[in-house]
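What follows is each chain in one-letter form.
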Amino acid sequence: MILEERLNLIRNILKKEGTVSNSLLLEELDISESTLRRDLDYLQDKGEIRRVHGGATLNKLLEETNFHFNETTNIEAKKNIAKKASLLIENGAYIFLDAGTTTHSLIDFLHDKDVTVVTNGLMHLEKLSALAIPTILLGGKLKASTFISYGEQTLNEINDLNFDLAFIGANGVENKTYTTADINEALIKKSAIRQANKAFVLADSSKIGKKYFANICTFEQAMHIKED
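This section reports on the structure supplied with the text. (Residues numbered from 1 in each chain as written. Predicted model: local features only at pLDDT ≥ 70, side-chain atom pairs only at ≥ 80, totals over all residues. Heavy atoms only, no water.)

## As for the pattern of salt bridges
Selection rule: Take a side-chain nitrogen of Lys or Arg and a carboxyl oxygen of Asp or Glu: if they are within 4 Å of each other, that pair is a salt bridge. Here a strand is any run of E in DSSP of at least two residues, a helix any run of H or I of at least four, and the numbering for each starts at the N terminus. Think of it in three bands: with a 1.4 Å probe and only protein chains considered, a residue is buried below 20% of the maximum accessible area for its type, exposed above 50%, and partly exposed in between.
Within this structure, the stated rule accounts for seven salt bridges. A salt bridge links Arg-6 to Asp-39; its shortest N-O distance comes to 2.6 Å. A residue pair is termed long-range when its members are at least 10 positions apart, and Arg-6 in helix α1 (residues 3-17) and Asp-39 in helix α3 (residues 33-45) qualify at 33 residues. Each member of the pair, Arg-6 as well as Asp-39, is classed as buried. Lys-143 serves as the salt-bridge partner of Glu-185, at 3.0 Å between the closest nitrogen and oxygen. Here Glu-185, found in helix α9 (residues 183-194), pairs with Lys-143, found in strand β7 (residues 141-143); they are 42 residues apart in sequence, far enough to count as distant. Assessed through its relative accessible area of 9%, Glu-185 is described here as buried. Residues joined in a network through salt bridges with shared partners are Lys-143, Asp-182 and Glu-185.

This is the structure:
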């Protein structure tokens, strides 16, 4: 049995059972313990499973939470991250400000900055307007649960721009990869990172060890700014 066949069998068993013992997997796959160990290590490194004593369990993908809920969680950590991020911004910079609650906190530290903000985050507009910060709002479709614009128009507009810095939000940080729940939002984040001279992901410690459906980028493509 070739590697991919074995991996698919393991995936299917775990999807059905949730958690399985090594002995059951050995019986079902008819392979050696060393081969099973290598296969499970491979799946764990990819973030698909988690090894437990005597077996393995499926890593379930998490669901997206809405903006209002996120606004009430880990408030101090988000403020600390935002303050650290603000120190990276020089006067005259053009920055992409991703949608999200931690990036929303960053606006509070822009009051003495001469910057231009590009964003798809509708939740940012009131704060940016109150501080009279020059702002370009990206067009596109409206996603009401997270107050963003998204879609082909949004991507086309991002790809016509260049940023000094991009500040990106993420729902999960695991295996040196940032993830989010919505593929449409991931595409926007990827594009902004690509168009920026430097990109930073603002994610507090509660995001670490969590994995969502869509990959944003790796640690090599964007630096992680956290509260400590």
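## Considerations on the packing of aromatic side chains
Where we set the bar: Side-chain rings of Phe, Tyr and Trp (the six-membered ring for Trp) are treated as a pair once their centres are within 6.5 Å; stacked means planes under 30 degrees apart, edge-to-face means over 60, and tilted covers the remaining angles.
Summed over the entire model, instances satisfying the criterion amount to three aromatic pairs. Aromatic pair Phe-96 and Phe-163: ring centres 5.5 Å apart, planes at 45 degrees, arrangement tilted. Placement of the pair is Phe-96 in strand β4 (residues 94-97) and Phe-163 in strand β9 (residues 163-169), with a sequence separation of 67 residues. For Phe-96, a relative accessible area of 0% translates into the label buried. Residue classification places Phe-163 among the buried positions, given a relative accessible area of 2%. Pairing Phe-167 with Phe-200 gives two aromatic rings, centres 5.8 Å apart and planes at 20 degrees, and the pair type is stacked. Of this pair, Phe-167 sits in strand β9 while Phe-200 sits in strand β12 (residues 196-202), placing them 33 residues apart in sequence. Grouping residues by exposure puts Phe-167 and Phe-200 together as buried.

## Some points on α3
For clarity, the cut-off: How far a helix is expected to stretch is found by multiplying one less than its residue total by 1.5 Å. This arc describes the spread of directions from the helix axis toward the C-beta atoms. Two residues form a contact once any of their heavy atoms are found within 4.5 Å.
Given a rise of 1.5 Å per residue, 13 residues ought to cover 18 Å, and the 18 Å separating the end C-alpha atoms of α3 matches this to within 8%. Within α3 the residues assigned to the buried category are Thr-35, Leu-36, Asp-39, Leu-40 and Leu-43. Buried residues in α3, looked at end-on, bunch into an arc of 130 degrees, giving them a common side. Those residues of α3 that are exposed and angled more than 90 degrees off the buried face are Glu-33, Arg-38 and Asp-45. Contact partners of the buried residues in α3: α1, α2 (22-29), β2 (49-52) and β3 (55-58).

## So, the pairing of strand β5 (residues 116-119)
Operational definition: DSSP calls a pair of strands paired once it identifies at least 2 bridges connecting them. Consider the strands pointing away from the viewer: the crossover is right-handed when the path from the first strand over the helix to the second runs clockwise.
Of the two faces of β5, the one carrying Thr-116 and Val-118 and the one carrying Val-117 and Thr-119 are both buried. Where β4 lies against β5, four bridges are found, and the strand directions are parallel. Bridging from a neighbouring strand, Phe-96 pairs with Val-118 of β5. Each parallel crossover has a hand, and the one from β4 via helix α6 (residues 101-106) to β5 is right-handed. Each parallel crossover has a hand, and the one from β5 via helix α7 (residues 125-130) to strand β6 (residues 135-137) is right-handed.

## A look at the nonpolar core
We apply this condition: Only buried residues count toward a nonpolar core. Its members are Ala, Val, Leu, Ile, Met, Phe, Trp, Tyr and Cys residues joined through side-chain atoms within 4.5 Å.
Counting 21 residues, the largest nonpolar core has Phe-96, Ile-168 and Tyr-178 as its most contacted members. Listing elements by their share of this core, those giving two or more residues are α8 (152-159), β9, α9, β12 and β13 (214-218). In this structure, Ala-85, Ile-89, Leu-97 and Ile-107 belong to the second largest nonpolar core, which totals 19 residues.

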